[in-house]
Amino acid sequence: MSNQSIVDTAKANYMGNYSQFPIAIKSGRGTILTDEDGKEYLDFVAGIAVNALGYGDEDERKALLSVIDSGVLHTSNLYYNSHAVHAAAMLNELAGSSEVFFCNSGAEANEAALKMARKYGSGRGKSEIISFHHSFHGRTYGAVTVTGQEKYHKGFAPMLPSVVYAEYNDLDSVRALASERTAAIIVEPLQGEGGIIPADREFLSGLREIADSLDAILIFDEVQCGMGRTGKPFCFQHYGVKPDIMTLAKALGGGLPMGAAVAFGKAAGIFSPGDHAATFGGNAAAAALAEVVLSKLPKLAAQADANGRYLGEQLDGIVADFPDLCVEARGMGLMRGIELKVPPRDVISACMEKGLLVCSAGYTVLRFVPPLIVSKEDIDKAVAIVRSALSASGAEEGKDAT
Ligand SMILES: Cc1ncc(COP(=O)(O)O)c(C=O)c1O
């Protein structure tokens, strides 16, 4: 097999909903991926913030093999399986939450959270949901409706009713929309796809106050920023503000599809039998990997904190040295980005050519979301490649644009 033969087969058979780079990944070890032509890449994408443990993790391998050896990959939710039950208990312990619903993706986790919020509000005359501009919550109808970016709605009207959009980090814009009809506020504590934009401390605590004063449900979407990525097990723990529901996915299943809606306080007990379900939710194979990831979460978060600070310093250095191309570096832990003055695709292609995988967030942000096991040496290599890609794109290092 070659990259080209796989790309050709994909073009002949896939729907046209992706704009993919012309390589096919064959294998991986640690933070290195190898494509079908044998070329190696240092991976700062991690399957878009999924592969926290990198590639070839021995504990993941053993956990998955033990499920395979049991002969039962899937049980349905008519019965319990020990892996999902343990994973739920570990999640509640780490997050300080009380109930977990497992599903298969971030969008599904948000659908569950939205349904919980609407059900909580249904006896209270509340159905309106406040979301934010530049947010991203997934592609199913509910999740894409609360995604506050026009480009994701275009061509798919009508969206879900009773959803309104406020400005991120602007409490006045929330107060202007909040009312007794507000059932929920859904927010990413660190916006990912919208361009790596962290919430201010006062903003999240203000949202908590607004939700409390209206008896509304506060939903934190931690699908991308959760699971250790920002330097704590969950991003809300940086802020000391607890949501009523937290949604997770991406890194949770250690590379297998898994999402979760996690309930705290007043959100516990909303769902009764029959209210919601997912055939594959809590699938034994995915849950066995979740047990591995969750058992390592405190250590992974500490690594993300230390190495994330180092990455942040290096990215600030890049911004200072390439003022013609860079606006600023933002982010927390190992979820970071550089806002560029140009669309990032050419820089991404140049990095790929030089053996580094990076991706974009929004229209102008170059995003860095490596496996959480990344080392300082990996970061140094990645930063050197980004610098050389930026130099090759014509910007002169150290020259101020103004
Ligand atoms: C914050 C956030 N929420 C939800 C989603 C949707 O997750 P999924 O693609 O697993 O449905 C994403 C995906 O990037 C995300 O970043």
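What you see is a predicted model; the values in this text were computed from it and never measured.

## Topic: the overall build of the chain
Stage number 1. Helix and strand counts for the chain stand at 14 helices and 17 strands.
Stage number 2. Taken against the 2.2 N^0.38 rule, which gives 21 Å for 402 residues, the C-alpha radius of gyration of the chain at 21 Å falls within 12% of a compact globule.
Stage number 3. Structurally, the chain occupies a C-alpha span of about 60 × 60 × 45 Å along its principal axes.
Stage number 4. Sorting the 402 residues of the chain into buried and exposed places 50% on the buried side.
Stage number 5. A separation threshold of at least 6 residues defines the contact pool for the chain, and within that pool the share at least 24 residues apart is 73%.

## A short note on the sheet that holds strand S11 (residues 245-248)
Within a sheet, adjacent strands bond to each other through the backbone by hydrogen bonds, running parallel or antiparallel.
Stage number 1. Judged by pairing direction, the sheet is mixed, and its 7 strands sit side by side in the order S4-S12-S11-S10-S7-S5-S6 without closing on themselves. Strand pairing shows two members of the sheet lacking a second neighbour, strand S4 (99-103) and strand S6 (163-166), which therefore form its edges. Here the strands of the sheet are splayed against their neighbours by 20 degrees on average, with no regard to which way each runs.
Stage number 2. As paired elements, strand S10 (residues 217-221) and S11 share 3 bridges and run parallel to each other. Note on S11: the bridge partner recorded for Asp221 is Thr247.
Stage number 3. Docked against the sheet, helix H4 (residues 82-95) engages S4, S11 and strand S12 (259-263), running at close to 130 degrees with respect to S4.

## Concerning the sheet that holds strand S3 (residues 40-43)
Stage number 1. Ordered in space as S1-S2-S3-S15, the 4 strands form an open sheet in which the pairing is mixed. Strands with a single pairing partner mark the edges of an open sheet, and in this sheet they are strand S1 (25-29) and strand S15 (356-357).
Stage number 2. As paired elements, strand S2 (residues 32-35) and S3 share 3 bridges and run antiparallel to each other. When the sheet's bridge partners are listed, Thr34 is paired in S3 with Glu40.

## Let's talk about the domain arrangement of the chain
Stage number 1. Along its sequence, the chain is carved into domain 1 (3-56 + 299-392) and domain 2 (72-295).
Stage number 2. Placing the centre of domain 1 and that of domain 2 at their C-alpha centroids yields a distance of 26 Å.
Stage number 3. Facing the 25 residues of domain 1 at the interface are 23 residues of domain 2.
Stage number 4. Of all the secondary-structure elements, those providing two or more residues to the side of domain 1 that touches domain 2 are helix H2 (46-49), helix H12 (297-321), strand S13 (326-332), strand S14 (335-340) and strand S17 (365-368).
Stage number 5. With 5 residues, H12 is the largest single contributor of residues to the side of domain 1 that touches domain 2.
Stage number 6. Taken together, the residues that form the side of domain 1 that touches domain 2 break down as 13 nonpolar, 7 polar and 5 charged.

## Section: the nonpolar core
Note that soluble globular proteins tend to have their nonpolar side chains buried in a common cluster.
Stage number 1. Counting 125 residues, the largest nonpolar core has Ile217 and Val293 as the members making the most contacts within it.
Stage number 2. Examining the composition of this core, we find that 9 residues originate from one element, helix H11 (residues 284-295), more than from any other.
Stage number 3. Per-domain counts for this core show at least three residues from each of domain 1 (3-56 + 299-392) and domain 2 (72-295).
Stage number 4. Excluding residues that lie within four positions of it along the chain, Val293 makes contacts with Ala52, Leu53, Met227, Ala251, Leu252 and Gly254.

## Observations regarding the packing of helix H3 (residues 58-70) against H11
Stage number 1. H11 packs onto H3 with a crossing angle of 150 degrees between their chain directions and a minimal axis gap of 9 Å. With respect to each other, H3 and H11 are oriented roughly antiparallel. The handedness of the crossing between H3 and H11 comes out as right-handed. Between H3 and H11, the residues in contact are Asp59, Glu60, Ala63, Leu64, Ser66 and Val67 and Ala284, Ala285, Ala288, Leu289, Glu291 and Val292, respectively.
Stage number 2. Per-class residue counts for the contact of H3 with H11 are 8 nonpolar, 1 polar and 3 charged.

## Regarding H11
Stage number 1. A rise of 1.5 Å per residue sets the reference length of H11, with its 12 residues, at 16 Å; its end C-alpha atoms lie 16 Å apart and thus fit the reference within 8%.
Stage number 2. What H11 keeps buried is the set Ala285, Ala286, Ala287, Ala288, Leu289, Ala290, Glu291, Val292, Val293 and Leu294.
Stage number 3. Against H3, H4 and H12 lie the buried residues of H11.

## Digging into the pairing of S10
Stage number 1. Where burial is concerned, most of S10 is hidden: 5 out of the 5 residues are buried.
Stage number 2. Side-chain alternation along S10 places Ile217, Ile219 and Asp221 on one buried face and Leu218 and Phe220 on a second face that is also buried.
Stage number 3. Pairing between strand S7 (residues 182-187) and S10: 4 bridges, direction parallel. Along S10, the bridge assignment pairs Ala184 with Ile217.

## Here we look at the packing of helix H13 (residues 345-353) against helix H14 (residues 376-392)
Stage number 1. Remark: H13 packs on H14, axes separated minimally by 9 Å, with the N-to-C direction vectors making an angle of 125 degrees. Taken together, H13 and H14 sit at an angle that is classed as oblique. Relative to H14, H13 is oriented so that their crossing is right-handed. Each of Val347, Ala350 and Cys351 in H13 lies in contact with H14, whose residues at this interface are Ile385, Val386, Ala389, Leu390 and Ala392.

## Considering the environment of Phe264
Stage number 1. Checked against the element boundaries, Phe264 lands in the loop between S12 and H11.
Stage number 2. Distance in space between the C-alpha atoms of Phe264 and Lys250 is 21 Å, their sequence separation being 14 residues.
Stage number 3. Contacts of Phe264, omitting those with residues within four sequence positions, involve Ser97, Ser98, Lys242, Pro243 and Asp244.

## Some words on H13
Stage number 1. The complete set of buried residues in H13 reads Val347, Ile348 and Cys351. Taken around the axis of H13, the buried residues stretch over an arc of 100 degrees, which confines them to a single face.
Stage number 2. At its buried positions, H13 is contacted by S14, S15, strand S16 (359-361), S17 and H14.

The rules behind these values
- Each chain has its residues counted from 1, following the order in which its sequence is written.
- Whole-chain, interface and lining totals are the exception, using all residues; otherwise, since this is a predicted model, local features are given only for residues with pLDDT of at least 70 and side-chain atom pairs are given and counted only at 80 or more.
- Under the scheme used here, helices are H or I runs from DSSP no shorter than 4 residues and strands are E runs no shorter than 2 residues, and both carry numbers assigned from the N terminus.
- For the radius of gyration, the atoms used are the C-alpha atoms, and the globule rule reads 2.2 Å times the number of residues raised to 0.38.
- The exposure label follows from counting other C-beta atoms within 10 Å of a residue's C-beta, where the C-beta atoms are placed from the backbone and the thresholds are 20 or more for buried and 12 or fewer for exposed, leaving partly exposed in between.
- Note on contacts: each residue gets a C-beta atom placed from the backbone, and two residues are in contact if those atoms are within 7 Å.
- A pair of strands is treated as paired once DSSP finds two or more bridges between them.
- Lines fitted to the C-alpha atoms define the axes, with helices restricted to the stretch that makes contact. Angles between their N-to-C directions range from 0 to 180 degrees.
- Note: domain ranges come from an automatic or database domain assignment.
- Throughout this entry, Asp, Glu, Lys and Arg are counted as charged residues, while Ala, Val, Leu, Ile, Met, Phe, Trp, Tyr, Cys and Pro are counted as nonpolar. The remaining residues, Gly among them, count as polar.
- A set of buried residues qualifies as a nonpolar core if it consists of Ala, Val, Leu, Ile, Met, Phe, Trp, Tyr and Cys joined through C-beta atoms within 7 Å.
- Should an angle fall under 35 degrees it is called roughly parallel, over 145 degrees roughly antiparallel, and 65 to 115 degrees roughly perpendicular, with every other angle called oblique.
- For any pair of crossing helices, the crossing counts as left-handed if the nearer helix is rotated counterclockwise from the farther one by less than a right angle, and right-handed if it is rotated clockwise.
- For a helix, the expected span equals 1.5 Å multiplied by the residue count minus one.
- Each C-beta atom gives one direction from the helix axis, and the arc is the one those directions make.

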